[in-house]
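Listed below, chain by chain, are the residues.
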Amino acid sequence: MYVKDHMTKNPLTVKRGTVLSEALEIMRENNFHRLPVVDDAGRLIGLVTAGLVEEESGSKSTSLSIYELNYLLSRTSAESIMIKDVVTTTQDVFIEEAAQVMIDRGISVLPVVDEENKVIGIITEKDIFQALTDLLGYRHQGTRFVIRCEDRPGYFTGIANLFAENDANLESVGVYHTEERGTEVVVKATGEIETEKMTEILVKAGYKVTNVVQTTKEGTIRRFQVPEL
């Protein structure tokens, strides 16, 4: 998956001269907390966040009256408080690469720019979380099987063949490693075969199925008991 698949395209932006009261109003009305600051050509020059505005105005601890606070916000420009050294990404970057940049830099948002540094999108940590749930198909109809595997070439082939032989379609596959449980594969499958029957087939074939969770067409989550044979 790429950044362009999950970013907010053509996000709202403000100019360097936009006053903070206006920037805050835009964020409140649209329920977000960051605004890219662009020049007249749409090129990125900074980033304003709700946290920066609060820090600048001291709105959480100030002794100013509401009228004085509003006056201050209406006289302070975005340019005067914006983050100037903004970390960005491009739309064709893999989403996991963008996520790693956020982790490494301790940030929760990346403006997406083109080759001319014009803002074409924005991606946040919430978008990353959504991409993860989409990738694993959490909200989509089907059944997720967690299967403990041997970490060697070809081992998963036998599992995939069992699903294919029973007309179960593999919609997503994820592999992860833990110190406690070793290697596990998460398989999201759909098909006509009943969940209990597919689980029994896997267990009888000698595979260690540790978790089975089904998402119904209506979005209901059902958990199944794994038989011990």
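Residues numbered from 1 in each chain as written. Predicted model: local features only at pLDDT ≥ 70, side-chain atom pairs only at ≥ 80, totals over all residues. Heavy atoms only, no water.

Caption draft 1: Representation of the sheet that holds strand β7 (residues 142-149) within the structure. Strand order in the open sheet made by the five strands is β8-β9-β7-β10-β11, with antiparallel pairing throughout. The sheet terminates laterally at β8 (168-178) and β11 (221-224), the two strands that pair on one side only. Here the strands of the sheet are splayed against their neighbours by 20 degrees on average, with no regard to which way each runs. When β7 meets strand β9 (residues 182-191), the two strands line up antiparallel, connected through seven bridges. Its bridge partner lying in β9, Cys-149 is registered against Thr-183. (Pairing = 2+ DSSP bridges. Helix = DSSP H or I, 4+ residues; strand = E, 2+ residues; numbered from the N terminus. Axes fitted to C-alpha atoms, helices over the stretch in contact; angles between N-to-C directions.)

Caption draft 2: Molecular detail of the packing of aromatic side chains. Scanning the entire structure with this criterion turns up three aromatic pairs. Between Tyr-2 and Phe-94, the aromatic rings sit 5.1 Å apart at their centres with planes inclined by 15 degrees, giving stacked as the arrangement. With Tyr-2 in the segment before β1 (8-9) and Phe-94 in the loop between α4 (78-81) and α5 (95-105), the pair connects residues that are 92 residues apart, well separated along the chain. Note on Phe-94: relative accessible area 40%, which makes it partly exposed. Ring centres of Phe-145 and Phe-163 lie 5.4 Å apart, and the angle between their planes is 65 degrees; on these two criteria the pair is classed as edge-to-face. Of this pair, Phe-145 sits in strand β7 while Phe-163 sits in helix α7 (residues 155-165), placing them 18 residues apart in sequence. In this pair, the class of Phe-145 matches that of Phe-163, namely buried. (Phe/Tyr/Trp six-rings, centres within 6.5 Å; stacked < 30°, edge-to-face > 60°. Buried < 20%, exposed > 50% of the residue type's maximum accessible area, 1.4 Å probe, protein only.)

Caption draft 3: A look at the pairing of strand β6 (residues 119-124). Of all six residues in β6, five are buried; the element is thus mostly enclosed. Where β1 and β6 come together, two bridges link them in antiparallel fashion. Residue pairing for β6: Thr-8 is matched across the bridge by Ile-122. Relative to β6, strand β5 (residues 109-113) runs antiparallel, the two being bridged by five bridges. Note that in β6 the partner of Val-113 across the bridge is Val-119. Counted along the chain from β5 to the antiparallel partner β6, the turn is five residues long, and its residue Asn-117 has a positive phi close to 70 degrees.

Caption draft 4: The arrangement of helix α8 (residues 195-204) in detail. Here α8 has its buried residues at Thr-195, Met-198, Thr-199, Ile-201, Leu-202 and Val-203. For α8, the elements touching its buried residues are β7, α7, β10 (208-215) and β11. A positive phi of about 100 degrees marks Gly-206, the residue just after α8. (Contact = heavy atoms within 4.5 Å.)

Caption draft 5: How the structure looks around the nonpolar core. In terms of nonpolar packing, the biggest core is built from 20 residues, with Phe-145, Ile-147, Ile-159, Phe-163 and Leu-202 touching the most fellow members. Secondary structure elements with two or more residues in this core: β7, α7, β9, α8 and β10. Leaving out residues up to four positions away in the same chain, Phe-145 has contacts with Phe-163, Val-185, Val-186, Val-187, Ala-189, Thr-195, Met-198, Thr-199, Leu-202, Asn-211 and Val-212. The next biggest cluster of nonpolar side chains, apart from the first, holds 16 residues, and it includes Leu-24, Leu-35, Leu-73 and Ile-81. (Core = buried A, V, L, I, M, F, W, Y, C linked by side-chain atoms within 4.5 Å.)

Caption draft 6: Looking closely at the packing of α7 against α8. It is at 11 Å that the axes of α7 and α8 come closest, and there the two elements cross at 145 degrees. Along this stretch, α7 crosses α8, giving a crossing that reads as right-handed. Of the residues in α8, those touching α7 at Ile-159, Leu-162 and Phe-163 are Met-198, Ile-201 and Leu-202. (Left-handed = near helix turned anticlockwise from the far one by under 90°.)

Caption draft 7: Expanded view of the layout of surface pockets. Considering only enclosed or pocket space, the largest pocket measures out at about 340 Å³ in volume. Lining the largest pocket are 14 residues, with Asn-31, Phe-32, His-33, Arg-34 and Thr-124 sitting closest to its centre. A breakdown of the residues in the lining of the largest pocket according to their chemical character gives six nonpolar, four polar and four charged. (1 Å grid on protein atoms, 1.4 Å probe; cavity = no way out; pocket = protein on both sides within 12 Å on 5 of 7 lines; lining within 4 Å. Points joined across faces, edges and corners; volume = space filled by probe spheres on them. Nonpolar A, V, L, I, M, F, W, Y, C, P; charged D, E, K, R; others polar.)

Caption draft 8: Molecular detail of the environment of Ser-74. Tracing the backbone shows Ser-74 in helix α3 (residues 66-75). As a C-alpha pair, Ser-74 and Ser-21 span 53 residues in sequence and 5.3 Å in three-dimensional space. Residue contacts for Ser-74: discarding those within four places in its chain leaves Val-19 and Ser-21.

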